[in-house]
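# Observations on chain architecture
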Amino acid sequence: CEPDGVEEQRLKKLLDDERELAQSLDKIKSADAYTADGERIAVLVNIGKPSDLKNTDGVKFDGGGLFRSEFLYQSSDKKPTEAEQIAAYKEVIEKVYPNPVTVRTLDVGGDKELKYLGMKKEENPFLGNRGIRLCLANPDIFSEQIRSLLIAGEGKSLKIMLPMVTSVSEIDKTRTVIDGVKKSLDESGTAYCTDIRLGIMIETPAAVMISDKLAEEVEFFSIGTNDLTQYTLAIDRQNSKLDRFYNPHHEAVLRMIQRTIDGAHKHGRWVGICGELGADTALTERFVQMGIDELSVAPSMVLPVRSKICEME
């Protein structure tokens, strides 16, 4: 049926609003994100696989804030070769250059299982052998990934980010692995990246509570709000029966974020958010007020988040 006059006006207004929004977003495609009073906030993209960058054509962003390397390990029933890893890392690094890419080391365990690693069934997999714990328990695989990253980043800068860190000792052990890989590359005369910054994911209350200590050991933090919410609220985020309790806006979660930012800034480290909450424009202003340095979001959310920042005082 034909819309009546009132409905026709409503639809016209919706179309006008969408057109106005599209025009305003188009204006900031190539602009940096500054608040109205001149505060610069970096807006980066999360990358699940190299093809994700096709969705960023024509849109300026400040780098790759999270490159999930596990896609390489999950796309086959066998471990990726060093050559396959180097090719994938290099593709992303070169596409994003001269902006930096933050590559998260292998983050499996929990809901992500690799059968060829012989991962045993665990009663509580989200509290089990995952993230950096699993990497350090498999030094051959971890060393090969670090080696691939260093070779792929040759001549560029590289940020390496460790998932699920809860202690200083895990960082120390990782640095030992990196030093060993460097020594091996030097002995073989292989060129590799020398501009490396090491950072960690903040995903647990333990990491938040010692964030000032962890900040002394690394160059940056990135907050994984999905897991941080899950562990702070003691709620399995994959259990649909608990959806009504899972609240990433919970004041406890926001206080965890604030404490992390304070811990990082105490030692002059920058801190970002790469979890889904980073793209929640209802919280963008609060994050900026907290002192967040960067937000890394899905490619489709770069412009809406940048627009929100530019509207702020």
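These notes cover the structure that comes with them.

The next point concerns the overall build of the protein chain. On a plain count of helices and strands, the protein chain comes out with 12 helices and eight strands. Projecting the C-alpha coordinates of the protein chain onto the three principal axes gives extents of approximately 75 × 45 × 40 Å. Looking at the protein chain as a whole, 47% of its 313 residues are labelled buried. Taking the contacts inside the protein chain whose residues are at least 6 apart along the sequence as the reference set, 68% of them involve residues at least 24 apart. Of the accessible surface of the protein chain, which amounts to about 15400 Å², a share of 48% is contributed by carbon and sulfur atoms. When the 41 basic and 52 acidic side-chain charges of the protein chain are each reduced to a single mean position, those positions are 3 Å apart.

A separate point is the pattern of salt bridges. Counted according to the given criterion, the structure contains 15 salt bridges. Taking the shortest distance from any N to any O, the salt bridge between arginine 147 and glutamate 82 comes out at 3.0 Å. Here arginine 147, found in helix H5 (residues 139–152), pairs with glutamate 82, found in helix H3 (residues 82–96); they are 65 residues apart in sequence, far enough to count as distant. Glutamate 82 gets classed as partly exposed once you look at its relative accessible area, which sits at 25%. Among the salt bridges present, the one from glutamate 91 reaches lysine 95, with a minimum N-O distance of 3.3 Å. Note that glutamate 91 and lysine 95 are positioned in helix H3 at a spacing of four residues, about one turn of the helix. Lysine 95 gets classed as partly exposed once you look at its relative accessible area, which sits at 44%. The structure contains a network of salt bridges with shared partners spanning Asp32, Arg40, Lys60 and Asp62.

So, on to the sheet that holds strand E7 (residues 270–273). Spatial ordering of the closed barrel is given by E1-E2-E3-E4-E5-E6-E7-E8, a layout of eight strands whose pairing is parallel. Across the sheet, the mean angle from the axis of one strand to that of its neighbour is 25°, orientation sign disregarded. Note that E7 and strand E8 (residues 294–297) share two bridges and pair parallel. Note that in E8 the partner of glycine 272 across the bridge is glutamate 294. Of the strands in this sheet, strand E4 (157–162) and strand E5 (195–202) touch helix H6 (residues 168–188), which is tilted by about 155° from E5.

Right, let's talk about the side chain of serine 296 for a bit. Relative to the helices and strands, serine 296 is located in strand E8. Taking the relative accessible area as the measure of exposure, serine 296 reaches 1% and is therefore buried. Side-chain polar atoms of serine 296 contact the backbone oxygen of valine 45, separated by 3.4 Å. If sequence neighbours within four positions are ignored, serine 296 has contacts with Leu44, Val45, Asn46, Gly65, Leu66, Ile273, Cys274 and Gly275.

Let us look at the pairing of strand E2 (residues 64–68). Each regular strand carries side chains that alternate between the two faces of the sheet. The buried fraction of E2 is high, at four of five residues. Here strand E1 (residues 42–47) runs beside E2; their pairing, made up of three bridges, is parallel. Within the sheet, the bridge partner assigned to asparagine 46 lies in E2 and is leucine 66. Direction of pairing for E2 relative to strand E3 (residues 101–104): parallel, over a ladder of three bridges. By the bridge assignment, arginine 68 is partnered in E3 with arginine 104.

Right, let's get into the packing of aromatic side chains. One pass over the full model with this rule turns up three aromatic pairs. Measuring from centroid to centroid gives 6.3 Å for phenylalanine 67 and tyrosine 89, while their planes differ by 85°, and the two rings are edge-to-face. Linking phenylalanine 67 in strand E2 with tyrosine 89 in helix H3, this pair joins segments that are 22 residues apart in sequence. Just as phenylalanine 67 is buried, tyrosine 89 falls in that class too. Ring plane angle 0° and centroid distance 4.7 Å describe the contact between phenylalanine 220 and tryptophan 270, whose orientation is recorded as stacked.

Reading the values: rules and limits
- Residues numbered from 1 in each chain as written.
- Predicted model: local features only at pLDDT ≥ 70, side-chain atom pairs only at ≥ 80, totals over all residues.
- Heavy atoms only, no water.
- Helix = DSSP H or I, 4+ residues; strand = E, 2+ residues; numbered from the N terminus.
- Buried < 20%, exposed > 50% of the residue type's maximum accessible area, 1.4 Å probe, protein only.
- Contact = heavy atoms within 4.5 Å.
- Areas by Shrake-Rupley, 256 points an atom, 1.4 Å probe, with all protein chains shown as cover.
- Lys, Arg positive; Asp, Glu negative; His and termini not counted.
- Charge placed at Lys NZ, Arg CZ, Asp CG, Glu CD.
- Salt bridge = Lys/Arg side-chain N within 4 Å of Asp/Glu carboxyl O.
- Pairing = 2+ DSSP bridges.
- Axes fitted to C-alpha atoms, helices over the stretch in contact; angles between N-to-C directions.
- Polar contact = N/O pair within 3.5 Å; in protein donor to acceptor, adjacent residues only side chain to side chain.
- Phe/Tyr/Trp six-rings, centres within 6.5 Å; stacked < 30°, edge-to-face > 60°.

On their own, these measurements won't tell you what the molecule is for.
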